[in-house]
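What follows is the residue order along each chain.
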Amino acid sequence: DPQQTELAMASKRKLRRFIVIDEVVDKLYGSKVREYFEENNVQHKILALPTTEETKSMDLVLNILHEVQSFSLDRRTEPIIAIGGGVCLDIVGLAASLYRRRTPYIRVPTTLLSYVDASVGAKNGVNFLQCKNKLGGYTPPVASFLDRSFLQSIPRRHISNGLGEILKMALMKHKGLFDLLKNHGKYLLDTKFQSCNSFAHHGDAALQTTRIAIETMLEELAPNLWEDDLDRLVDFGHLISPELEMRVLPSLMHGEAVNVDMAFMTYVAHARGLLAAEDKEQILQCMRGLELPVWHSGCSWALIQRALRERLKHSGGQLRMPLPTGLGVADIFNDTSEETLERAYKLWVKD
């Protein structure tokens, strides 16, 4: 807004910003961030923290809030900036939502997973009593700034991890996105989603893939931002994975746990007669091509049963199970029998 810019520039008060940055990102990009604020004459405080699933707790939120209080933020005009992966964005979002009941914040995702997932939507939270995101709320950021150049420095496994959430949207909503992943998956892993002119035969697969993933995610989230409707296609891969991920930490990353869940649910869809054998094989082949795990020894039948019981508790007494009914098409089912689930599990383990 030009008028707001003019007012900000005319203000005699110096611009001030409080930034929370993941400590690994700080080592890579912290000097550039500091240089940016110094060159623009912005008074700033940068708090570098270890933001991992193991540290994703209320203790870290309170640590941030102590620093925010001592910096003395104006909650209307001085947004907190979060620079990091999904865990960092979740923690800072919760801290901002608690400070003075709601302080604006900005998300700057630096991993592929957070770029296409945590950057979109309103949810924030922390782990509690060994349960994933048990404490949290719905406070959308005032902005998300997306810059794929951050992805150059993340390990290949982290690219694969983010591809798990992109594949989720492809299987639920977009055959074209599935084809992009199937045909260009290795290229996207090799180039870390950078747009390279020297690979013209791939087109701009990185831009197309991220844009479609975010657009399909927004289509699902925007009309149901506060989850008033519990029938959500974006829950695909998230029925068993929260229990699995917390149980086997740190051996599985979030997108990997989601993919193990999606692989099992692909077998469930096939066992129910919703998904042809060829489509099942195409999905599993695509997952392997994206270097994602399609099975994990920690995903026992007992864990699946426990996770689905938890699902029933928190989804209005119904499973609300999203399942693929083809490539890029899906529906939500409440009538999957235990016998079908067990049959699918046995076949999955056998394969």
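Parameters and conventions
- Residues numbered from 1 in each chain as written.
- Predicted model: local features only at pLDDT ≥ 70, side-chain atom pairs only at ≥ 80, totals over all residues.
- Heavy atoms only, no water.
- UniProt positions renumbered as here; feature names shortened; annotations may be inferred.
- Helix = DSSP H or I, 4+ residues; strand = E, 2+ residues; numbered from the N terminus.
- Salt bridge = Lys/Arg side-chain N within 4 Å of Asp/Glu carboxyl O.
- Buried < 20%, exposed > 50% of the residue type's maximum accessible area, 1.4 Å probe, protein only.
- Expected span 1.5 Å × (residues − 1).
- Bend = angle between axes of the 7 residues up to and from the residue.
- Contact = heavy atoms within 4.5 Å.
- Pairing = 2+ DSSP bridges.
- Axes fitted to C-alpha atoms, helices over the stretch in contact; angles between N-to-C directions.
- Domains from an automatic or database assignment.
- Buried area = accessible area lost by both parts, 1.4 Å probe.
- Polar contact = N/O pair within 3.5 Å; in protein donor to acceptor, adjacent residues only side chain to side chain.
- Nonpolar A, V, L, I, M, F, W, Y, C, P; charged D, E, K, R; others polar.

A. Here's a closer look at the UniProt feature "domain: 3-dehydroquinate synthase N-terminal" (unreviewed entry) in the protein. Residues given the UniProt feature "domain: 3-dehydroquinate synthase N-terminal" (unreviewed entry) here are residues 48-160. The distance from the first to the last C-alpha atom of residues 48-160 is 26 Å, and the span holds 35% helix and 25% strand.

B. Region of interest: the pattern of salt bridges. The final tally for this structure, using the stated rule, is 27 salt bridges. Among the ionic pairs, Glu165 bridges to Lys168, the shortest N-O distance being 2.8 Å. You can see Glu165 and its partner Lys168 sitting in helix α6 (residues 156-173), three residues apart, about one turn around the helix. Judged by relative accessible area, Lys168 falls into the buried class, the value being 2%. Note that Lys173 is salt-bridged to Glu219, the shortest N-O span being 3.3 Å. Within this pair, whereas Lys173 is found in helix α6, its partner Glu219 is found in helix α8 (residues 205-221), the two being separated by 46 residues in sequence. Connected through salt bridges with shared partners, the residues Lys123, Glu227, Arg232, Asp235 and Arg311 form a single ionic network.

C. Here's a closer look at helix α7 (residues 175-191). Here α7 spans 23 Å end to end across 17 residues, near enough to the 24 Å set by a 1.5 Å rise per residue. Maximal helix bending in α7 amounts to about 70 degrees, located at His184. Burial in α7 covers these residues: Leu177, Phe178, Leu180, Leu181, His184, Gly185, Tyr187, Leu188, Leu189 and Thr191. The inward-facing, buried residues of α7 contact α6, α8 and α11 (277-289). Phi turns positive one or two residues past the end of α7, at Lys192, with a value near 50 degrees.

D. Fine view of the sheet that holds strand β2 (residues 43-49). Pairing is parallel across the open sheet formed by five strands, whose spatial order is β2-β1-β3-β4-β7. In this open sheet, the two edge strands, each paired with only one partner strand, are β2 and β7 (143-144). Against the sheet, helix α2 (residues 23-39) makes contact with β1 (16-22), β2 and β3 (80-84), and its axis sits at roughly 160 degrees relative to β1, the strand it touches most. Running over the sheet, helix α4 (residues 86-98) touches β1, β3 and β4 (105-109) and is turned about 165 degrees from β3.

E. Fine view of the domain arrangement of the protein. According to the domain assignment, the protein consists of domain 1 (15-151) and domain 2 (155-224 + 232-350). Between the C-alpha centres of domain 1 and domain 2 there is a distance of 27 Å. With 19 residues of domain 1 in contact, the opposing surface of domain 2 contributes 29 residues. A buried area of about 1900 Å², summed over both sides, lies between domain 1 and domain 2, and 68% of it is on carbon and sulfur atoms. The interface formed by domain 1 and domain 2 holds one salt bridge in total. Taking the shortest distance from any N to any O, the salt bridge between Lys132 and Glu245 comes out at 3.3 Å. Linking domain 1 with domain 2 are four residue pairs in polar contact (both at pLDDT 80 or more). Looking at the side of domain 1 that touches domain 2, the elements with two or more residues in it are α5 (112-118), β5 (123-128) and β6 (131-138). Ranked by residue count, the leading element in the side of domain 1 that touches domain 2 is α5, at five residues. Grouping the amino acids of the side of domain 1 that touches domain 2 by side-chain chemistry returns eight nonpolar, four polar and seven charged.

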